[in-house]
Structures are given as structure tokens and as C-alpha cells.
Amino acid sequence: MTSTATTPEQYLAELPDDRREAVTQLHETIVQHLPKGFATIMNYGMIGYVVPHSIYPAGYHCDKKLPLPFAGLASQKGSINFYHMGIYAKPDLLEWFTQEYPRHTTAKLDMGKSCIRFKKPEHIPHALIAELMQKMTVQQWIDTYESNYKR
């Protein structure tokens, strides 16, 4: 379910009624706790939270015209999906998240690499997502990205 929206606001406005409130609330949680320097854009047909070219001119190694992705948010057919590249890149962050998750929700963690799927909006652990977003600065993400992916 890739969107053709050109802004996060348009993306949210075009969501079905049964998803709009939950995705908007999760987006607001992410933005409120996103460290300084990250930007919010439309990226890959979803809301993207990226390191802009003004901070990291090299861009994303897969397509240097794109800013360096950090996180993403999408409403898919069967779930609300939250993507966090830091979890995929840093095993200690993944371990922290998976240990904390059951303390914040009764739902079983449904995760694949950097994608966390929420099938029911009431199971979204907003406080945990807020804390996760604050765990990595722009510079820490750039350093992690360069040491793991940029060759």
C-alpha cells in the first residue's frame, strides 16, 4: 500500500478512518521525540524520518539522491508498520527494545528485521517508541551507518 502523497500531512489525511487516528498519534510521538537534525519527509511511499543531505551530503548508499533513512511509518493492509534502522544496525539496541517491549504492551512482538508491525492500534507502546527515538542522535546514526553499511 504505497502512497502517492507528497507530504506527511497529506499521507495522514488520506488514511482510512479506522487508521488515521492511530497512525497520526504514532507519528506525533515519533516527531516529538526525534532528536534534532532528523527531518520528516515522504520516502518510499511512507512517512520517513531521515538525515537530510544538508547534514549528510553523501546520502543513502543505495541511491545517493535520497537522504539517509533512519525510520519510517506506514499503514499497510493488515498492520501499522514502524521501521527503525537503528534496531537493525545495533544489536544492543535491538536487545534493549525486545526486553522492554513486554513491559509496555500485552501484544506479542511482531517484528522482522527493522519492521515492527502493530495489528491493533491499542497495542502500540507509545512510551517505548518515544524512548527508542531518543536513543540515537543524528551523528550516532551516521557513525553506525558508515561503520555497518557504507563500504
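Just above sits the structure.
Residues numbered from 1 in each chain as written. Predicted model: local features only at pLDDT ≥ 70, side-chain atom pairs only at ≥ 80, totals over all residues. Heavy atoms only, no water.

A. Structural view of the sheet that holds strand 6 (residues 115-118). Strand order in the open sheet formed by six strands is 1-2-3-4-6-5, with antiparallel pairing between adjacent strands. With partners counted over all chains shown, the strands left at the sheet margins are strand 1 (39-43) and strand 5 (111-112), one partner each. Bridge count for strand 5 against strand 6 is two bridges, and the pairing is antiparallel. Residue pairing for strand 6: G112 is matched across the bridge by C115. Contacting strand 3 (68-75), strand 4 (80-84) and strand 6, helix 5 (residues 126-133) runs over the sheet at an angle of about 25 degrees to strand 4. The strands touched by helix 6 (residues 138-148) within the sheet are strand 2 (46-51) and strand 3, with strand 3 carrying the most contacts at an inclination of about 105 degrees. (Pairing = 2+ DSSP bridges. Helix = DSSP H or I, 4+ residues; strand = E, 2+ residues; numbered from the N terminus. Contact = heavy atoms within 4.5 Å. Axes fitted to C-alpha atoms, helices over the stretch in contact; angles between N-to-C directions.)

B. Seen up close, the packing of aromatic side chains. Counting across every chain of the model gives seven aromatic pairs. On the numbers, 6.5 Å between centres and 40 degrees between planes, the contact of Y60 with Y145 is tilted. Pair noted here: Y60 is in the loop between strand 2 and strand 3 and Y145 is in helix 6, with a separation of 85 residues, a long-range link. In this structure, Y60 and Y145 share a single accessibility class: buried. Counting every residue linked through ring pairs, the aromatic cluster contains F38, Y56, Y60, F70, W141 and Y145. (Phe/Tyr/Trp six-rings, centres within 6.5 Å; stacked < 30°, edge-to-face > 60°. Buried < 20%, exposed > 50% of the residue type's maximum accessible area, 1.4 Å probe, protein only.)

C. Molecular detail of the pattern of salt bridges. Tallied over the entire structure, the rule returns four salt bridges. With a closest N to O distance of 2.5 Å, R103 and E100 form a salt bridge. Looking at R103, the relative accessible area reads 61%, which means it is exposed. Judged by its relative accessible area of 17%, E100 falls in the buried class. With a closest N to O distance of 3.0 Å, R117 and D110 form a salt bridge. We classify R117 as partly exposed; its relative accessible area is 27%. On the basis of relative accessible area, D110 is assigned to the partly exposed category, the value being 21%. Residues participating in the shared-partner salt-bridge network are D110, R117 and K119. (Salt bridge = Lys/Arg side-chain N within 4 Å of Asp/Glu carboxyl O.)

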